[in-house]
Amino acid sequence: MVPSSYPCNPPWLAAPTDTNRLVPKLWAASVRKSDDGELSVAGVPASLIAAEFGTPCFVIDESDFRQRARAFKHAFAGADVYYAAKAFASLATVGWVKDEGLSLDVCSGGELTLALRAGFPPARIAFHGNNKSVPELTLAVEAGVGRVIVDSAVEIDRLADLAAARSMRQRVLVRVTPGVEAHTHDYIATAHEDQKFGFSIAGGDAFEAMQAVAARRSLKLVGLHSHIGSQIFDTSGFEVAVRRVLALHAFGLSAGMSLSELDVGGGFGIAYTTQDDPARPPELAAGIRATVDGECRRLGIDVPRLAIEPGRAIAGPSTFTLYTVGTVKRVSLDGGLSRLYVAVDGGMSDNLRAALYGADFSCTLASRRSTARPMLARVVGKHCEAGDIVVRDEFLPSDIAPGDLLAVPATGAYCRSLANTYNHVPRAAVVAVRDSHARVVVRRETEADLLRWDVDDVADPRPEAEGDPA
Ligand code: PLP
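Bear in mind the structure is a predicted one, so any value in this text is a computation, not a measurement.

Novice: How should I be thinking about the overall build of the chain in this particular structure?
Specialist: Helices and strands together make up the secondary structure of the chain, namely 12 helices and 24 strands. Here the C-alpha radius of gyration of the chain, 25 Å, is about what a compact globule of 470 residues would show, namely 23 Å. Along the first, second and third principal axes, the C-alpha set of the chain runs to 75 × 70 × 45 Å. Every one of the 470 residues in the chain was classed for burial, and the buried ones make up 46%.

As structure tokens, then:
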């Protein structure tokens, strides 16, 4: 029997009538539950993945990832769709992005090196970052990356000198801050933004940066870039930003600059829990295009080539994390209530999002069916932090027990890429599943891997001399 109310659950989380059922919008397309309650992806059961690859483990539905990439490419036909590698990048996934004909946004020498190693065409790469070093910019220029998005006056000089020394002309976008901060369902429009990225439009810094780029013969200013936030669920924030950026674009044109591109960044939201209802790529494309077209008409300028940079919306929903339950503890709360603490074999080392931004996730028992009553649970990790939470609130069957498998959906973005080795816990493997076949795409780290980085200057440890008889 499900109690009618749980005073400590968040208002959006209703007690389910059946904890075995999946909420389809949270899972990759091929994820199913069998009659005996076992989760599978692309025909491969969770127990098989756990047995073969161990837990915790990130499990990607490859076809789902590719399909989401294709959906953006299709909806934004005629625009450049840059997959944001920061969400999650590996040789395999960058290869899928290449196959599907998307472009790639990288923001460090490491991501660029990975992309080049994966054979990604440099002309389809955009290089971001507020503090690109000389070696990073050198790598980018020499590799022939298609666009560098400049973010400071120092960088403009650095890049211009590097390109000039190689008799090259580097295409550049100037990153501007339009004074729009979008997060989930709300956005805030202000004049100035007190943040490290970009050049302020309102303060005049952005136009100065455009002039500085235009003045250097080794740089070719092709357009403006803005990125307004993350987990954005509708296009209203983009619309305000687009108007402000296009006004500057038009001003640049009137000053004789040959601007032809407009990159509106990423930030498209996904469903982490039942409370999230993200827009689909066609709706996003229609909203953004309508604003760009309307505003260009109003300003009397040609419509620039559009670019977007989705990361989370491609990688996030394609993946779940598979854990093994280690301990279960019932913790008494005020008023005679209790909460089930379910500890898994990972935590803030493989999913920092709850600890970092209080993000919500969902989860399900993945290895069996249960008819036990739903109980409000908190899924926690194994790290030495009270804030080591993976799923803050979820209803799980009250008989969940050590050895059960637990799956957390929508962990494909900003989880493995933010993974860390806190408490010397090795980072989890990434497994891709397609057509009933699972394979490792990023291998699990071992404790030996971690020890490789320590300088062992106690090569010949001797017994302590202290206290030895003379
Ligand atoms: N582009 C830029 C410049 C970003 O900073 C980010 C994320 O921080 C993205 C794209 C990708 O955002 P998302 O993964 O939310 O789509």
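Novice: How should I be thinking about the nonpolar core in this particular structure?
Specialist: For soluble globular proteins, nonpolar side chains are generally found buried alongside one another. Ranked by internal contacts, the top residues of the largest apolar core, which has 133 residues, are Val59, Leu104, Val174, Leu322, Leu406, Ala407 and Val431. The biggest single contributor to this core is helix α8 (residues 236-254), with 6 residues. Inspection of this core shows a minimum of three residues originating in each of domain 1 (24-60 + 317-444) and domain 2 (62-315). With residues near it in sequence (within four places) discarded, Val174 still touches Val150, Phe199, Ala206, Ala209, Met210, Val213, Leu221, Leu224 and His225.

Novice: Looking at this structure, I do not really get the site of the ligand. What am I missing?
Specialist: Taken together, 17 residues form the shell around the ligand, and within it Ala84, Gly266, Glu309, Gly311 and Arg312 come nearest. By residue class, the composition of the shell around the ligand is 6 nonpolar, 7 polar and 4 charged.

Novice: Can you help me understand the sheet that holds strand β1 (residues 31-33) in this one?
Specialist: Whenever strands of a sheet pair, they do so through backbone hydrogen bonds, lying parallel or antiparallel. Strand order in the open sheet made by the 3 strands is β1-β2-β3, with antiparallel pairing throughout. In the strand order of this sheet, the two ends are held by β1 and β3 (44-45), each with one partner. Pairing analysis gives 2 bridges linking strand β2 (residues 39-41) to β3, with the strands arranged antiparallel. Bridge pairing in β3 places Val41 opposite Val44.

Novice: Hey, could you run me through the domain arrangement of the chain in this one?
Specialist: How big an interface is tends to be reported as the loss of accessible area on association of its parts. If you check the domain split of the chain, you get domain 1 (24-60 + 317-444) and domain 2 (62-315). Spacing between the C-alpha centres of domain 1 and domain 2 amounts to 33 Å. Taken together, the contact between domain 1 and domain 2 spans 26 residues of the former and 19 residues of the latter. Sort the elements by how many residues they give to the side of domain 1 that touches domain 2 and strand β23 (residues 429-434) lands first, with 4 residues.

Novice: I tried to follow the packing of helix α5 (residues 134-143) against helix α6 (residues 153-165) on my own but got confused; where do I start?
Specialist: In a packed pair of helices, the relevant descriptors are the angle between the two axes and the axis-to-axis distance. Where α5 meets α6, the closest approach of the two axes is 10 Å, and the angle between their N-to-C directions is 45°. The angle between the axes of α5 and α6 places the two elements in the oblique class. Read as a crossing pair, α5 and α6 show a hand that is right-handed. The segment α5 lies against α6, with Val134, Leu137, Thr138 and Val141 engaging Arg158, Leu159, Leu162 and Ala163. Here the residues of the contact of α5 with α6 sort into 6 nonpolar, 1 polar and 1 charged.

Novice: Teacher, can you tell me more about helix α4 (residues 109-117) here?
Specialist: Because the α-helix completes a turn every 3.6 residues, residues three or four places apart line up on one side. Taken together, the buried positions of α4 are occupied by Glu111, Leu112 and Ala115. Buried positions in α4, seen along its axis, are confined to an arc of 100° and lie on one side of it. Exposed and oriented more than 90 degrees from the buried face of α4 are Gly110 and Arg117. Those residues of α4 hidden inside the fold are in contact with α3 (91-99), β6 (103-106), β7 (125-127) and α5.

Novice: Is there a simple way to think about α8 in this case?
Specialist: A rise of 1.5 Å per residue sets the reference length of α8, with its 19 residues, at 27 Å; its end C-alpha atoms lie 27 Å apart and thus fit the reference within 8%. Buried within α8 are the following residues: Gly237, Phe238, Ala241, Val242, Arg244, Val245, Leu246, Leu248, His249 and Gly252. Gly256, located one to two residues past α8, shows a positive phi value of around 95°.

Novice: Is there a simple way to think about the environment of Pro178 in this case?
Specialist: Mapped onto the elements, Pro178 comes out in the loop between β9 (170-177) and β10 (180-183). When the 30 C-beta atoms within 10 Å are taken as the criterion, Pro178 is described as buried. Along the sequence, Pro178 and Ala202 sit 24 residues apart, while their C-alpha atoms lie 7.5 Å from each other. Contact partners of Pro178, with chain neighbours within four places excluded, come to Ile201, Ser226, Ile228, Ala241, Arg244 and Val245.

Novice: For this particular structure, what's the right way to read the sheet that holds strand β14 (residues 229-230)?
Specialist: Pairing within the open sheet is mixed, and its 3 strands lie in the order β11-β10-β14. With one partner strand each, in any of the chains shown, β11 (186-189) and β14 form the two edges of the open sheet. Here α8 sits on the sheet and contacts β10, β11 and β14; the angle it forms with β10, its principal contact strand, is near 165°.

Novice: Quick question: what am I supposed to make of unusual backbone geometry here?
Specialist: Residues other than glycine predominantly adopt negative phi, and peptide bonds predominantly adopt the trans conformation. A cis geometry characterises the amide bond from Thr55 onward to Pro56, with omega recorded as -5°. Position of Pro56 among the secondary structure elements: in the loop between α1 (46-53) and β4 (57-61). The phi torsion at His424 lies on the positive side, around 55°, for a residue other than glycine. Turning to its location among the elements, His424 is positioned in the loop between β22 (405-409) and β23. A positive phi is found at Asp435, a non-glycine position, where the angle reads about 45°. One can find Asp435 in the loop between β23 and β24 (437-442). Under the C-beta neighbour-count criterion, Asp435 is labelled exposed, with 10 such atoms within 10 Å.

Novice: How should I be thinking about the confidence of the model for the chain in this particular structure?
Specialist: Any residue range with low pLDDT should be treated as having predicted coordinates unsuitable for detailed reading. Looking at the chain as a whole, its pLDDT mean stands at 94, while 95% of the residues score no less than 70. Taken together, the stretch residues 1-5 has pLDDT below 50 and engages in 5 contacts with residues farther than four places along the chain or on a different chain.

Here is what the cut-offs are and how they apply
Residues numbered from 1 in each chain as written. Predicted model: local features only at pLDDT ≥ 70, side-chain atom pairs only at ≥ 80, totals over all residues. Helix = DSSP H or I, 4+ residues; strand = E, 2+ residues; numbered from the N terminus. Rg over C-alpha atoms; globule rule 2.2 N^0.38 Å. Buried ≥ 20, exposed ≤ 12 C-beta atoms within 10 Å, placed from the backbone. Core = buried A, V, L, I, M, F, W, Y, C linked by C-beta atoms within 7 Å. Domains from an automatic or database assignment. Contact = placed C-beta atoms within 7 Å. Near = placed C-beta within 6 Å. Nonpolar A, V, L, I, M, F, W, Y, C, P; charged D, E, K, R; others polar. Pairing = 2+ DSSP bridges. Axes fitted to C-alpha atoms, helices over the stretch in contact; angles between N-to-C directions. Parallel < 35°, antiparallel > 145°, perpendicular 65-115°, else oblique. Left-handed = near helix turned anticlockwise from the far one by under 90°. Arc of directions from axis to C-beta. Expected span 1.5 Å × (residues − 1). pLDDT = per-residue confidence, 0-100.

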